[in-house]
Amino acid sequence: MDNSSLPKSQVRILKAHLIPPLTCPLCNGIFKEATTINECMHTFCKDCIYQKSQAKGIACCPKCNKDLSHLSPEDYLRPDERWRNIVKLYNEGQTPQATPPPSIAATTSKSTAKQLKKNKNKGQKTG
Ligand SMILES: [Zn+2]
Ligand SMILES: [Zn+2]
């Protein structure tokens, strides 16, 4: 039996596993100013959950439908520093480097210079 070749998809699954807990079920994006419902410990973006909880007729957790109508949003919502830190770390790791590696920059400027030269020669002929 040869089990040495593991399917590559396994790596992908592991990576995808990191994302769902960071996403807001209301906007499906990464938490912005993560805010947690004390009553059921579900987390959402601050804007998303405040919009929901302040909408008329909706006074329950959008995720598990826990009844929150007897509370005011200020009572059951709290800023979740732990999640905010996790999101911050996640974003820092995820953000691609602003400056391209030097090797790429060199190649780009070289080929651009070549093209400029070509264009110059062409331009001299006309006139
Ligand atoms: Zn959201
Ligand atoms: Zn809930």
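Here the structure is a predicted model, which means the values were calculated and not measured. Residue numbers run consecutively from 1 along every chain, following the written order of its sequence. For naming, the first written chain is A and the first written ligand is 1, with later ones following in the order written. In keeping with the predicted nature of the model, local features appear solely for residues at pLDDT of at least 70, side-chain atom pairs appear and are counted solely at 80 or more, and the whole-chain, interface and lining totals rest on all residues.

Novice: What is the right way to look at the overall build of the protein in this model?
Specialist: Per the convention used, a helix needs a DSSP run of H or I reaching at least four residues, while a strand needs a run of E reaching at least two, with both numbered from the N terminus. Summing up its helical and strand segments, the protein has five helices and three strands in all. Across the protein, helices and strands are ordered from the amino to the carboxyl terminus as α-β-β-α-α-β-α-α. The contact rule is simple: place each C-beta atom from the backbone, and if two of them lie within 7 Å, those residues are in contact. Restricting the contact set of the protein to residue pairs at least 6 apart, pairs at least 24 apart contribute 46%.

Novice: Before we go on, may I ask you to explain the sheet that holds strand S3 (residues 77-79) in this structure?
Specialist: Two orientations exist for strands paired in a sheet by backbone hydrogen bonds: parallel and antiparallel. Spatial strand order, S2-S1-S3: three strands in an open sheet with antiparallel pairing. A single partner strand is all that each edge strand has here, and the edge strands are strand S2 (43-44) and S3. Strand pairing requires that DSSP identify at least two bridges connecting the strands. Here strand S1 (residues 35-37) pairs with S2 via two bridges, running antiparallel. Bridging from a neighbouring strand, threonine 36 pairs with threonine 43 of S2.

Novice: What is the right way to read the nonpolar core from this model?
Specialist: Across soluble globular proteins, nonpolar side chains have a tendency to be buried as a group. One finds Cys24, Phe31, Ala34, Ile37, Phe44, Cys45, Cys48, Ile49, Cys61, Leu68, Tyr76 and Leu77 forming the largest nonpolar core, which totals 12 residues. Beyond its immediate chain neighbours, meaning those up to four positions away, cysteine 45 contacts Cys24, Leu26, Cys27, Phe31, Lys32, Glu33 and Thr35. Core membership is restricted to buried Ala, Val, Leu, Ile, Met, Phe, Trp, Tyr and Cys residues, and these are joined into a nonpolar core through C-beta atoms within 7 Å. Residue burial is a threshold on neighbouring C-beta atoms within 10 Å of the residue's own C-beta, all placed from the backbone, with 20 or more meaning buried, 12 or fewer meaning exposed, and counts in between meaning partly exposed.

Novice: Looking at this structure, how should I read the environment of aspartate 80?
Specialist: Tracing the sequence through the fold places aspartate 80 in the loop between S3 and helix H4 (81-94). Residues aspartate 80 and methionine 41, 39 residues apart in the sequence, show an inter-C-alpha distance of 10.0 Å. In this structure, aspartate 80 is in contact with Ala34, Thr35, Thr36 and Thr43, ignoring residues within four places of it in sequence.

Novice: How do you make sense of unusual backbone geometry when you look at a structure like this?
Specialist: With the exception of glycine, the majority of residues adopt a negative phi angle, and the majority of peptide bonds are in the trans configuration. Even without glycine at this site, glutamate 33 takes up a positive phi of about 50°. Following the sequence through the fold, glutamate 33 ends up in the loop between helix H1 (9-18) and S1. C-beta crowding within 10 Å serves as the criterion here: with 16 such atoms nearby, glutamate 33 is assigned to the partly exposed category.

Novice: Help me understand helix H2 (residues 46-54) in this model?
Specialist: Each turn of an α-helix holds 3.6 residues, which means side chains three or four residues apart point in the same direction. Restricting attention to buried positions, one finds in H2 the residues Cys48, Ile49 and Ser53. Buried residues along H2 cover an arc of 115° about the axis, so they all sit on one side. On its buried face, H2 is in contact with S1, S2, helix H3 (73-76) and S3. The arc refers to the directions leading from the helix axis to the C-beta atoms.

Novice: What is the right way to read the environment of isoleucine 37 from this model?
Specialist: Here isoleucine 37 lies in strand S1. Along the sequence, isoleucine 37 and proline 73 sit 36 residues apart, while their C-alpha atoms lie 8.7 Å from each other. Apart from residues no more than four positions distant in its own chain, isoleucine 37 is found in contact with His42, Cys61, Tyr76 and Leu77.

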